[in-house]
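Next come the chains, spelled out residue by residue.
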Amino acid sequence: MKLTREEIEQVAELAHIALGEDEIIELHNQFNDFIQFVETINDINTDDVEPTYYLLPLKNVWRPDQHHQPLAPDEVFHNTHEHDGGFFKVPRIL
Amino acid sequence: MDIFDLTAHQLADMLKKRETTAIEITRSVLERIQKVDHDIRAYVTLTAEQAIESAKEVDDNCKEKISPLAGIPAGLKDNICTKEVRTTCCSRMLENFVPPYSATVVERLNQVGAVITGKLNMDEFAMGSSTEYSAFFPTHNPWDLDRVPGGSSGGPAAAVAAGEAIYAIGSDTGGSIRQPAAFCGIVGLKPTYGLVSRYGVVPFASSLDQVGSLTKDVRDCSMVMNVIAGQDSKDSTSAPVDIPDYTSFLTGEIKGKKIGVPRELLDGLDPKMADTFKKALKKLEELGAIVDECSFPHAEAAVPAYHIIAPAEASSNLARFDGVRYGHRAVPEQGKDYDLVEMYMKSRGEGFGPEVKRRVLLGTHFLSTGNYELYYLKALKVRTLIIEDYQRLFREYDVLVTLTTPDLPFKLGRKIDDPLALYHSDSYTIPVNIAGLPAISLPCGFVDGLPVGMQVIAPAFAEGDLLQVAYAFEQNTPYHKQRPPLKKETAKGSES
């Protein structure tokens, strides 16, 4: 299955990544080679084969219901670009 | 040999006998970094002051009695969170990120008095096989400075090989510990999925990632595993298994061990590589192992399946980098404003490098409506077939042996423009991650003066078997004792 330039741009929008013109051209060139490569697995018969979602047979992993010290506000906001009191600040939404 | 050339267990013995101090060892390693790192470029962040402090504490409190790793300098791949020490994933996205907590693996090392010398270079977000995708600079192979150290744990592997750390901790999603270990002539272990906590390690592909060690020999590998293995309540995928003393498997005895060699991974090998591997297999036979060719029918399918599963998981994991809570945020030109989605898109567009963008976009494509069944679900079914291949093989064999990678370390810049060619470098290591198994890479010879690695694979949680076979081989071959000839070759001639 070949992707058009418009489809690459649509994927970039879904992934929330802004691309420059050069990047779109380069990705468009490479993308179809990659897709052709991974599509080689279609040669393998997987009728009646169950998918593997998890490697370990772990179920319902619990921890003791004990209180613990959360991060201090200073630590929480240390790495943010912008905050206001106890809130992360983002561009206007509404 | 200089102090920085010794192994952790040799240094631990010297500390015990009071023949050296943690401070002396740490100074030796820090001086080594000063001398050679301008050529190797393994370190992204050096924590020399903290290292000296930790070493002093070990000396003052006789901590060497607690653990053989006390007072031994170690480096960490820069995707492992360290409280109050910058953790970048070698990405512009996290260039200034200072974690408010440490990864569990770091906490465990700190508890036993390890001395952390700093954070080591890697491909951005661990996506790559040469460390050339680091957003900062490439790392050079200590055996030949014009060549790559492998990746993504290229910084850790090069640092250990060059004596810039006695051992290092890395992560392995498709071969990122084993392939650089092979390229740099050291020992790299990718443990069973779930054996070592991933808490605080920046995720790439959560069902494939595992934390492991890069060491100068197999005994050091066992000692590091003794400290870092074990269930962690902060990682719900860490497994509730008993942790043995891994050094107890180092018997040197492998008589009667059944070793399978998948014939599908022998096809098309470079003749010199094939010859080196044959000699290694002969050595295993001489030591009493029963070596047989076997069939691994889905070996070839593992690489394309991996390149669907890993980007799909990465596209989901890396969605967290949105410029809000941490990481790079794009700032509009003066007088202009971004709306929220624009801010997300620009931040991610500016923060991620080309390989990360490529993989996130591929992953998004594979998971999008209409493609999920075609790609992702299909890859998960192929994953089942690969697991079944291994299950069948391990009914017959104790361990499987392959080369770690079909390539010798390649020249810097040679493959970076052809990502598909680069992906094949991991074709022997990827199937192991797909099945969540443990595997070790250890030196098995040299071709054209460059190290060659052999991979030993075992059933889940049978790290003991791996270490037993690897140790017997290592102790009967000279390769692990060789160190890169940096003294003659450092370009700036700073070594005497």
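The structure this text deals with has already been given above.
Residues numbered from 1 in each chain as written. Chains lettered and ligands numbered in written order. Predicted model: local features only at pLDDT ≥ 70, side-chain atom pairs only at ≥ 80, totals over all residues. Heavy atoms only, no water.

## A closer look at the overall build of chain A
Our working definition: The secondary structure listing takes helices from DSSP runs of H or I that are at least 4 residues long and strands from runs of E that are at least 2 residues long, numbered from the N terminus. For a compact globule the rule gives 2.2 Å times the number of residues to the power 0.38, and the radius of gyration it is set against comes from C-alpha atoms. Here's how the labels work: a residue is buried when its accessible area is under 20% of the maximum for its type, exposed when over 50%, partly exposed in between, all with a 1.4 Å probe on protein chains only.
When helices and strands are counted, chain A shows three helices and two strands. Each helix and strand of chain A, ordered N terminal to C terminal, gives the series α-α-α-β-β. Taking 12 Å as the expected radius of gyration for a compact globule of 94 residues, we find that chain A reaches 23 Å, considerably beyond that expectation. Each principal axis of the C-alpha distribution contributes one length, and for chain A these read about 55 × 45 × 25 Å. Within the span of chain A, comprising 94 residues, buried residues form 28% of the whole.

## Focus: the pairing of strand β10 (residues 439-447) of chain B
All names here are of chain B. Threshold: A pair of strands is treated as paired once DSSP finds two or more bridges between them.
With eight of nine residues buried, β10 lies mostly within the body of the structure. Of the pairings in the sheet, the one linking strand β5 (residues 187-190) to β10 comprises three bridges and is antiparallel in character. The residue bridging lysine 190 from the neighbouring strand is alanine 439, located in β10. Pairing of β10 with strand β11 (residues 450-457) involves eight bridges; the strand directions are antiparallel. Among the inter-strand pairings, alanine 439 is bridged to a residue of β11, identified as isoleucine 457. Between β10 and β11, which follow one another and run antiparallel, lie two residues, and aspartate 448 among them has a positive phi close to 55°.

## Quick notes on the interface of chain A and chain B
This is how it is decided: The contact criterion used is simple: two residues touch if any of their non-hydrogen atoms lie within 4.5 Å. The term buried area means the drop in 1.4 Å probe accessible area that two parts suffer when joined, counted for both and summed. Any carboxyl oxygen of Asp or Glu within 4 Å of a side-chain nitrogen of Lys or Arg constitutes a salt bridge here. By the criterion applied in these results, polar contacts are pairs of N or O atoms within 3.5 Å in which, for protein atoms, one can donate a hydrogen and the other can accept it, and in which residues neighboring in sequence qualify only through two side-chain atoms. Only Asp, Glu, Lys and Arg are considered charged, only Ala, Val, Leu, Ile, Met, Phe, Trp, Tyr, Cys and Pro nonpolar, and every remaining residue, Gly among them, polar.
In this complex, chain A contributes 49 residues to the contact, which on the side of chain B involves 69 residues. With both chains or domains summed, chain A and chain B bury close to 5,000 Å², and 73% of this area falls on carbon and sulfur atoms. Applying the counting criterion to the chain A and chain B interface returns two salt bridges. Glutamate 23 of chain A serves as the salt-bridge partner of lysine 357 of chain B, at 2.4 Å between the closest nitrogen and oxygen. At the boundary of chain A with chain B, the tally comes to 16 residue pairs in polar contact (both at pLDDT 80 or more). Looking at the side of chain A that touches chain B, the element that brings in the most residues is helix α2 (residues 21-38) of chain A, giving nine residues. Among the residues forming the side of chain A that touches chain B, the class breakdown is 29 nonpolar, 11 polar and nine charged.

## Considering the sheet that holds strand β8 (residues 290-294) of chain B
All names here are of chain B. What counts here: Angular values range over 0 to 180 degrees, each being the angle between N-to-C directions of two axes fitted as lines to C-alpha atoms, with helices fitted over their stretch in contact.
An order of β1-β3-β2-β4-β6-β5-β10-β11-β9-β7-β8 is seen for the 11 strands of this open sheet, with the pairing classed as mixed. The two strands at the open ends of the sheet, each matched to only one other strand, are β1 (43-46) and β8. For this sheet, the mean inter-axis angle between neighbouring strands, taken without regard to orientation, is 30°. Its contacts with the sheet put helix α2 (residues 22-40) on β1, β2 (73-77) and β3 (115-120), and the angle it makes with β3 is roughly 20°. Running at roughly 160° to β3, helix α3 (residues 48-61) makes contact with β1 and β3 of the sheet.

## Here we look at unusual backbone geometry
The peptide bond linking glycine 151 of chain B to serine 152 of chain B adopts the cis configuration, its omega dihedral lying at 10°. As for its position among the elements, serine 152 of chain B is in the loop between β3 and α5 (154-161). Located in the positive-phi region is asparagine 60 of chain A, a residue other than glycine, with phi close to 40°. Here asparagine 60 of chain A shows up in the loop between α2 and α3 (73-77). Backbone geometry at alanine 126 of chain B places phi at a positive 70°, although glycine is not the residue there. With respect to the secondary-structure elements, alanine 126 of chain B resides in the loop between β3 and α5. When its relative accessible area of 4% is taken as the criterion, alanine 126 of chain B is described as buried.

## Some thoughts on the packing of helix α11 (residues 354-367) of chain B against helix α12 (residues 372-396) of chain B
All names here are of chain B. Test applied: Roughly parallel covers angles under 35 degrees, roughly antiparallel covers those over 145, roughly perpendicular covers 65 to 115, and oblique covers all other angles.
Between α11 and α12, the shortest axis-to-axis distance is 7 Å and the interhelical angle comes to 105°. Here α12 runs roughly perpendicular to α11, going by the angle between their axes. Across from His365, Phe366 and Leu367 in α11, the residues of α12 making contact are Tyr372, Tyr375 and Tyr376.

## Some remarks on the packing of aromatic side chains
Residues and elements named next belong to chain B. To be explicit about the condition: Put simply, two rings from Phe, Tyr or Trp (the six-membered ring, in Trp's case) pair if the centres are within 6.5 Å, and we call them stacked under 30 degrees between planes, edge-to-face over 60, tilted for the rest. Two thresholds decide whether a charge sits over a ring: the Lys NZ or Arg CZ must be within 6 Å of the ring centre and within 35 degrees of the ring normal.
Per the counting criterion, the structure on display carries 15 aromatic pairs over all chains. When the centroid spacing of 4.9 Å and the interplanar angle of 45° are considered together, the rings of phenylalanine 366 and tyrosine 375 count as tilted. Comparing phenylalanine 366 with tyrosine 375 shows no difference in burial state: the two are buried. Connected via pairs of aromatic rings, a cluster forms that spans Phe97, Phe125, Phe321, Tyr326 and Phe352. Lying over the aromatic face of phenylalanine 137, arginine 41 brings its terminal NZ or CZ to 3.8 Å of the ring centre.

## With respect to helix α10 (residues 340-351) of chain B
Heads up, the condition is: Multiplying 1.5 Å by the residue count of a helix minus one yields the expected span of that helix.
Between its first and last C-alpha, α10 of chain B extends 16 Å over 12 residues, near the 16 Å set by a 1.5 Å rise per residue. Among all positions of α10 of chain B, only Leu340, Met343, Tyr344, Met345, Ser347, Arg348, Gly349 and Gly351 of chain B are buried. Among the structural elements, α1 (5-14) of chain A together with α11 of chain B are those in contact with the buried residues of α10 of chain B. For α10 of chain B, the side-chain oxygen to backbone nitrogen distance between the N-cap and valine 341 of chain B is 3.2 Å, and the N-cap itself is aspartate 339 of chain B.

## Considering the pairing of β11 of chain B
Residues and elements named next belong to chain B. Among the eight residues that make up β11, eight are buried, leaving the element largely enclosed by the rest of the structure. The side-chain alternation of β11 yields two buried faces, one formed by Leu450, Val452, Met454 and Val456 and the other by Pro451, Gly453, Gln455 and Ile457. Where strand β9 (residues 399-403) meets β11, four bridges bridge the pair, whose relative direction is antiparallel. Within the sheet, the bridge partner assigned to threonine 402 lies in β11 and is glutamine 455.

## Some thoughts on the side chain of serine 347 of chain B
All names here are of chain B. If you trace the backbone, serine 347 turns up in helix α10. Judged by relative accessible area, serine 347 falls into the buried class, the value being 0%. In terms of polar contacts, serine 347 uses its side chain to reach the backbone amide nitrogen of alanine 330, at 2.9 Å.

From the geometry alone we can't say anything about function, so treat these as descriptive.
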